[in-house]
Every structure is written in structure tokens, then in C-alpha cells.
Amino acid sequence: MSRWIYLDFNASTPICPEAVEAMRPFLFEHYGNPSSLHWAGAPAKDAVEKARGQVAGLLGCDPTEVVFTSGGSESNNHAIKGVFFDNRDRGNHIITTAVEHPATINPCLFLETLGAKVTVLPVDRFGIVDPNDVRKAITPRTILITVMHANNEVGTVEPIPEISAIAREAGTPFHTDAAQTVGKISADVEELGVDLLSVAGHKVYAPKGIGALYIREGTKIEPFVHGAGHEAGRRAGTENVLLSIALGAACDAARKWVGMPQVKVLRDWFWEDLKGIFGERVTLNGHPTERLPNTLNVNFVGLVGAEVLVKLPGVAASTGSACHAGSVTLSPVLAAMGVPPGEGMGAVRFSLGRATTWEEIEEVLGVLKASV
């Protein structure tokens, strides 16, 4: 490769200029505690509330329904554990899917040690959960349904509105992990119909270490951190003013990127050219149309994903298989989708971003054609 090429935007994104500029004054000035009622605290308080409004603007909710967190993992943990702990009088049953992020699966496994009953629903070969399976899994003891908005590996978008209608009919709180969708496609909470939604800052061009949890007004949920009454009593701890401001600015900037039509065109050209080069030796993971506009997860049939990436030394991308002592295992997501091992062991995820250019894609294609 003649340069470094970043095609791992689903893993993390650079900080957008709007977020950098918003943070700048708070690196040296406005250092007061936002809970302090004096001249030093007021600017910090105002800035946090402005940021809360910016996040709410992207999600289509009231600012009072936004809680700042340390990231997507905390948001998922708060949603799942918080609902469980505040609804134990109603039941102990949680419904999720086999393709969730570990930040959803592992909290569910932890709650099983405390008496929770967890139903893990299968998905089809595209990675989509059947809403009817959700309906059938609901019992009188079900207290939470948690289904990700879109999968981080293959990009498949789940039928969240259909599932939320089923949850609402059953009177069951519904959470979605929207870490991969916020800023890429619409994550409007009214369109989705969810009660809880997780945001990860570093997936939406904000810094790492900041996130948000949307909590619909009236949803019963235990605070994740106990202490003083920060975040309207829902998360104790002095607010991270600097990073909250950055997340707000990034969410505000993301409003003009929702849908990512230019990125989708690049992604689709990339896929068509890959098929032109490799023919039947390359296959697609994930739904062909109901997929994040920036995500292309492909199998180089008969090869190993890690070995393909070795041939692309200047390219940052991810693989969906892992090598252990000479054997190759599929990721849990690809395994749950029923991807044949002979295909899935060659899985590579290319995830494009706002700054990706056609020239970069052409260079990657050229190297793949020459070396793979």
C-alpha cells in the first residue's frame, strides 16, 4: 500500500471538527462543577444541558430523557441491569438475540447468576430476528426485550419498529443498542418505538469514554451508579463536561449525515468490483439491502480473513474469524447466522466512513487483485 487507509469505522471513528471546537474552551476555562450554583459552575451546567439537547435532537426525544454515560457498554449495562433490578416484583425474564454485542450478552449472563431467565432468539442467514419469535417468547414474567438496532459485524438492520409494537402490546420495556446506527441511519426513538436506546460516542465521531442512554419518561429503571443526584438521580457522579459537550456537538453535526448516501454509493461500488474480481470466490454476509450504508462484510472463500488482511498491510479493517493454534473459528455472529465455516473463515469487514474516498477503495481493490 502507498498509504494508510482506514476502513474500520464500525470499530471507532475520528473526532469530528465540530466536537474538537466545542471542547476547546473547556480545556482551559469553565472548570467549575456543573452542580455548583455559582459563577464557575453555571457555564459548565449550561454547556452540559446544551449538549443534552443536541443528543436529544438527533434521537427525537426530550432532553430530560437523555442520560450521559461513559459509553455504549455502560448504556447497555444500565438499561439491562437497571430494568431487571427495578422490576423484580414483576418478573425475571429477558429476551435477546444470538447476534448481540458482548455488552448486551454478558450483562444478561451475569443476571442469570442472580436468578434471571434469559431467552436467546435465533436469527436467519441474513442476521435478522423474526418478530414472531419475539412474540412467542414473551411470558407473563418478561420484563425486558433487548434487540440491537444494527449489527456491528455484518451491518444488518433489525426490524425494531415491528418488535417494539409487539413489546408495547405486551407492556414490556424494549431496549435497543443503537451504537452502530446513531448518525448513520435514523435512530428516532418515536419512529423506532423503543423505551431505552444506547449511544456510543466514539461511533458517532465523538471521543471515546462518552455515551448516552435514552430512557423514555415513565420507564422503571434503577440508577446504574448510586451517589448524589446527578443526571436527575439516574447516574451519580459529576458530569464529564468536556466529553458531554463533544458528544452533543458530534450528534448535532451527524444530523446532516443520516442515511450516508455518498458512503453507500462507495460501499456498493466496492462490492460490485469485488464480485467482478473474485466472482463466486467472494460472498456477502448480512442482508443485501437492510444493512448499514457503510458496512461491507465479505467472505473470501477458501481463505482465512486474517491472512487476507496481512496482504493489506496499510489497511485498517476487521476479520470475522479467529485463529487459535492453527484452527479457525467463526465469530458468534457469523456462527449464529449459519455461515458455512469454509466461507466464514475468510470473513473481512470493511466499514467506510465520511472521509472514505473512491481513490482509497480503488487502491485496496488493486492490492487485493494483485496479491489475493
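Placed above this text is the structure.
A brief report on the enclosed structure follows. (Residues numbered from 1 in each chain as written. Predicted model: local features only at pLDDT ≥ 70, side-chain atom pairs only at ≥ 80, totals over all residues. Heavy atoms only, no water.)

Looking now at the overall build of the protein. Within the protein, the regular secondary structure consists of 15 helices and 15 strands. Whereas a compact globule of 372 residues would reach a radius of gyration of roughly 21 Å, the protein reaches 21 Å, a difference of no more than 12%. For the protein, the spread of C-alpha atoms along the principal axes amounts to about 65 × 55 × 40 Å. If you sum the accessible surface of the protein, you get close to 15300 Å²; carbon and sulfur atoms cover 57% of it. Between the centroid of the 32 positive side chains of the protein and the centroid of its 41 negative side chains there is a distance of 2 Å. (Helix = DSSP H or I, 4+ residues; strand = E, 2+ residues; numbered from the N terminus. Rg over C-alpha atoms; globule rule 2.2 N^0.38 Å. Areas by Shrake-Rupley, 256 points an atom, 1.4 Å probe, with all protein chains shown as cover. Lys, Arg positive; Asp, Glu negative; His and termini not counted. Charge placed at Lys NZ, Arg CZ, Asp CG, Glu CD.)

Our next topic: the packing of helix H4 (residues 72–86) against helix H5 (residues 102–112). Two measures define how a pair of helices packs: the angle their axes make with one another and the distance between the axes. At their nearest, the axes of H4 and H5 sit 9 Å apart, and the two run at 30 degrees to each other. The angle between the axes of H4 and H5 places the two elements in the roughly parallel class. Here the hand of the crossing between H4 and H5 comes out right-handed. Packed against H4, whose contacting residues are Ser-73, Asn-76, Asn-77, Ile-80, Lys-81, Phe-84 and Phe-85, the element H5 presents Ala-103, Thr-104, Pro-107, Cys-108, Phe-110 and Leu-111 at the interface. Grouping the amino acids of the contact of H4 with H5 by side-chain chemistry returns eight nonpolar, four polar and one charged. (Axes fitted to C-alpha atoms, helices over the stretch in contact; angles between N-to-C directions. Parallel < 35°, antiparallel > 145°, perpendicular 65-115°, else oblique. Left-handed = near helix turned anticlockwise from the far one by under 90°. Contact = heavy atoms within 4.5 Å. Nonpolar A, V, L, I, M, F, W, Y, C, P; charged D, E, K, R; others polar.)

Our focus in this paragraph is the side chain of Asp-188. Mapped onto the elements, Asp-188 comes out in the loop between strand S6 (174–177) and helix H8 (189–192). A polar atom in the side chain of Asp-188 sits 2.9 Å from the backbone nitrogen of Glu-190. Of note is the side chain of Asp-188, whose polar atom sits 3.0 Å from the backbone nitrogen of Glu-191. Filtering out sequence-adjacent residues up to four positions away, Asp-188 remains in contact with Leu-59 and Gly-60. (Polar contact = N/O pair within 3.5 Å; in protein donor to acceptor, adjacent residues only side chain to side chain.)

On to the pairing of S6. Every second residue of S6 is oriented toward a common face, with Phe-174 and Thr-176 on one face and His-175 and Asp-177 on the other, all of them buried. Inspection of the sheet shows strand S5 (residues 142–146) paired to S6 by two bridges, in the parallel sense. Each residue of the ladder has a partner; that of Thr-146, found in S6, is His-175. Viewed along the sheet, the connection from S5 through helix H7 (residues 160–170) into S6 turns out right-handed. Note: S6 against strand S7 (residues 196–200), three bridges, orientation parallel. Residue His-175 lies in a different strand from S7, and its bridge partner there is Leu-196. (Buried < 20%, exposed > 50% of the residue type's maximum accessible area, 1.4 Å probe, protein only. Pairing = 2+ DSSP bridges. Right-handed = clockwise from strand over helix to strand, strands pointing away.)

Right, let's talk about unusual backbone geometry for a bit. Of note, the phi angle at Tyr-205 is positive, near 70 degrees, even though the residue is not glycine. By secondary structure assignment, the location of Tyr-205 is in the loop between S7 and strand S8 (211–215). Within the chain, Glu-231 stands out as a residue other than glycine whose phi angle is a positive 50 degrees. Mapping Glu-231 onto the fold places it in helix H9 (residues 230–233). Here Glu-231 falls in the buried class, since its relative accessible area comes to 5%.

This part covers empty space enclosed by the protein. Here the structure, examined in full by the defined rule, presents one cavity of 30 Å³ or more. Empty space within the largest cavity amounts to approximately 80 Å³. Lining the largest cavity are 13 residues; nearest its centre among them are Lys-184, Lys-203, Tyr-205, Met-260 and Arg-354. Partitioned by chemical class, the residues of the lining of the largest cavity number six nonpolar, four polar and three charged. (1 Å grid on protein atoms, 1.4 Å probe; cavity = no way out; pocket = protein on both sides within 12 Å on 5 of 7 lines; lining within 4 Å. Points joined across faces, edges and corners; volume = space filled by probe spheres on them.)

Further remarks concern a nonpolar patch on the surface. A surface patch of nonpolar side chains, about 250 Å² in accessible area, is lined by Phe-85, Phe-110 and Leu-114. Mapped onto the fold, Phe-85 is located in helix H4. Owing to a relative accessible area of 30%, Phe-85 belongs among the partly exposed residues under this scheme. (Patch = residues over 30% accessible without salt bridge, like charges linked within 9 Å, V, L, I, M, F, W, Y side chains within 5 Å. Salt bridge = Lys/Arg side-chain N within 4 Å of Asp/Glu carboxyl O.)

On to the environment of Ser-75. Summarising the element assignment, Ser-75 is placed in helix H4. What makes Ser-75 buried here is its relative accessible area of 0%. The spacing of Ser-75 and Phe-224 is 149 residues in sequence and 9.1 Å in space, taken between C-alpha atoms. Those residues within four positions of Ser-75 in sequence are excluded, and the remaining contacts are Thr-69, Ser-198, Val-199, Gly-211, Ala-212 and Leu-213.

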